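Fold and contact review
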Amino acid sequence: MKKILAIIASAASLVLGGSVKADVTDTLLLYVPNRAVDFMDTFSLTLGFGPAAYGRAWATRAVGFGGGVGATAQVIKQINRQYGAGLMNGWESSFMVISAEDMELTDTTRGVNDFHYYTTGIPSPEEKHFAFRTGERDYWSLGVHAAALAEVEGEFHPVELADFFAGFFFVDLKGDDFTADDLRM
């Protein structure tokens, strides 16, 4: 069986100029690191401090309960591999499928996207802030947010969990797996 696979890989590399062999090698070499990073993507955590009061939980951004208001300085590990810090200011409220919010994240470090998000009614997953690969927020997340001077927000990302499990079968749903080109300088 090994000989057959080696012959197929050799023939493919001759026909395609060696790119298949390099892609297969890169994929196998980075398999474990990519699975580890995909697992870490399944949750987000934000810690903050400042004059704020929040109590909110949601099961997707369309269904939530609670609200709050305030401004905090935050350390952020967020969806789409946003790691860093920023200043959050605003308010939010939700009761079942009806919500309203005016939130702004500014003065962020290089790895975190600034945003201003204002909405009333039912949020739509088609809004740019919820973009699948580049959005600042995850529409499909399950999360909680609590603050009384100290702040904690935690989210679980089901789409990232699907990406994690699909990765075991060499399928990258989010298109965020590392390649050898990412590691080259």
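Report follows, based on the coordinates. Values in this document were obtained by computation on a predicted structure and should not be read as measured data.

**Some thoughts on the overall build of the protein chain**
For the protein chain, the count of helices and strands is 5 helices and 6 strands. Along the protein chain, from the amino end to the carboxyl end, the secondary structure elements read α-α-α-β-β-β-β-β-β-α-α. Counting all 185 residues of the protein chain, 38% fall into the buried class. Considering only intrachain contacts with a sequence separation of at least 6, the fraction spanning at least 24 residues in the protein chain is 54%. As displayed, the protein chain has an accessible area near 10600 Å², and 71% of this comes from carbon and sulfur atoms.

**Comments concerning the pattern of salt bridges**
One pass over the structure, following the stated rule, counts 9 salt bridges. Here K174 makes a salt bridge to E160, at a shortest N to O gap of 3.0 Å. You can see K174 sitting in the loop between α4 (158–167) and α5 (180–183) and its partner E160 sitting in helix α4, a full 14 residues away along the chain. With respect to burial, K174 and E160 carry one shared label: buried. A cluster of three or more residues bridged by salt bridges with shared partners is formed by R35, D38, D41, R81, D176 and D177.

**Here's the deal with the nonpolar core**
By size, the foremost hydrophobic cluster in this structure holds 13 residues, and its most contacted members are Y54, M88, L105 and F115. Looking at this core, the elements with two or more residues in it are β1 (43–59), β4 (98–106) and β5 (115–121). When neighbours within four sequence positions are excluded, F115 is seen to be in contact with M88, M103, E104, L105, H129, E136 and R137.

**A short note on helix α3 (residues 31–40)**
Every buried residue of α3 is accounted for by Y31, N34, R35 and D38. Burial along α3 is one-sided: seen end-on, the buried residues are contained in an arc of 100°.

**Remarks on the packing of aromatic side chains**
Applying the stated criterion across every chain, the model contains 9 aromatic pairs. Between F65 and F95, the aromatic rings sit 5.7 Å apart at their centres with planes inclined by 85°, giving edge-to-face as the arrangement. Highlighted residues: F65 in strand β2 (residues 64–78) and F95 in strand β3 (residues 82–96), separated in sequence by 30 residues. Each ring, one from F165 and one from F168, has its centre 6.3 Å from the other, and the planes form 40°; the classification is tilted. Note on F165: relative accessible area 45%, which makes it partly exposed. An aromatic cluster is built from F39, F164, F165 and F168, whose rings are joined through pairwise contacts.

**Quick look at the sheet that holds strand β6 (residues 142–156)**
Strands sit in the order β5-β4-β3-β2-β1-β6 across an open sheet of 6 strands; the sheet is antiparallel. Looking at which strands have only one partner, the edges of the open sheet turn out to be β5 and β6. The sheet shows a mean angle of 25° between the axes of neighbouring strands, direction not considered. Strand direction decides the pairing type here: β1 and β2, joined by 12 bridges, are antiparallel. Across the sheet, residue A57 finds its bridge partner in β2, namely F65.

**Topic: α4**
For α4, the complete set of buried residues consists of E160, D163, F164, A166 and G167. Buried positions along α4 lie against α3.

**Remarks on the side chain of T46**
Looking at where T46 falls in the secondary structure, it is placed in strand β1. In this structure T46 comes out as buried when scored by relative accessible area, which is 3%. In this structure T46 touches Q74, V75, I76, Q78, E151, V152 and E153, once residues within four positions along its chain are discounted.

Reading the values: rules and limits
Residues numbered from 1 in each chain as written. Predicted model: local features only at pLDDT ≥ 70, side-chain atom pairs only at ≥ 80, totals over all residues. Heavy atoms only, no water. Helix = DSSP H or I, 4+ residues; strand = E, 2+ residues; numbered from the N terminus. Buried < 20%, exposed > 50% of the residue type's maximum accessible area, 1.4 Å probe, protein only. Contact = heavy atoms within 4.5 Å. Areas by Shrake-Rupley, 256 points an atom, 1.4 Å probe, with all protein chains shown as cover. Salt bridge = Lys/Arg side-chain N within 4 Å of Asp/Glu carboxyl O. Core = buried A, V, L, I, M, F, W, Y, C linked by side-chain atoms within 4.5 Å. Arc of directions from axis to C-beta. Phe/Tyr/Trp six-rings, centres within 6.5 Å; stacked < 30°, edge-to-face > 60°. Pairing = 2+ DSSP bridges. Axes fitted to C-alpha atoms, helices over the stretch in contact; angles between N-to-C directions.

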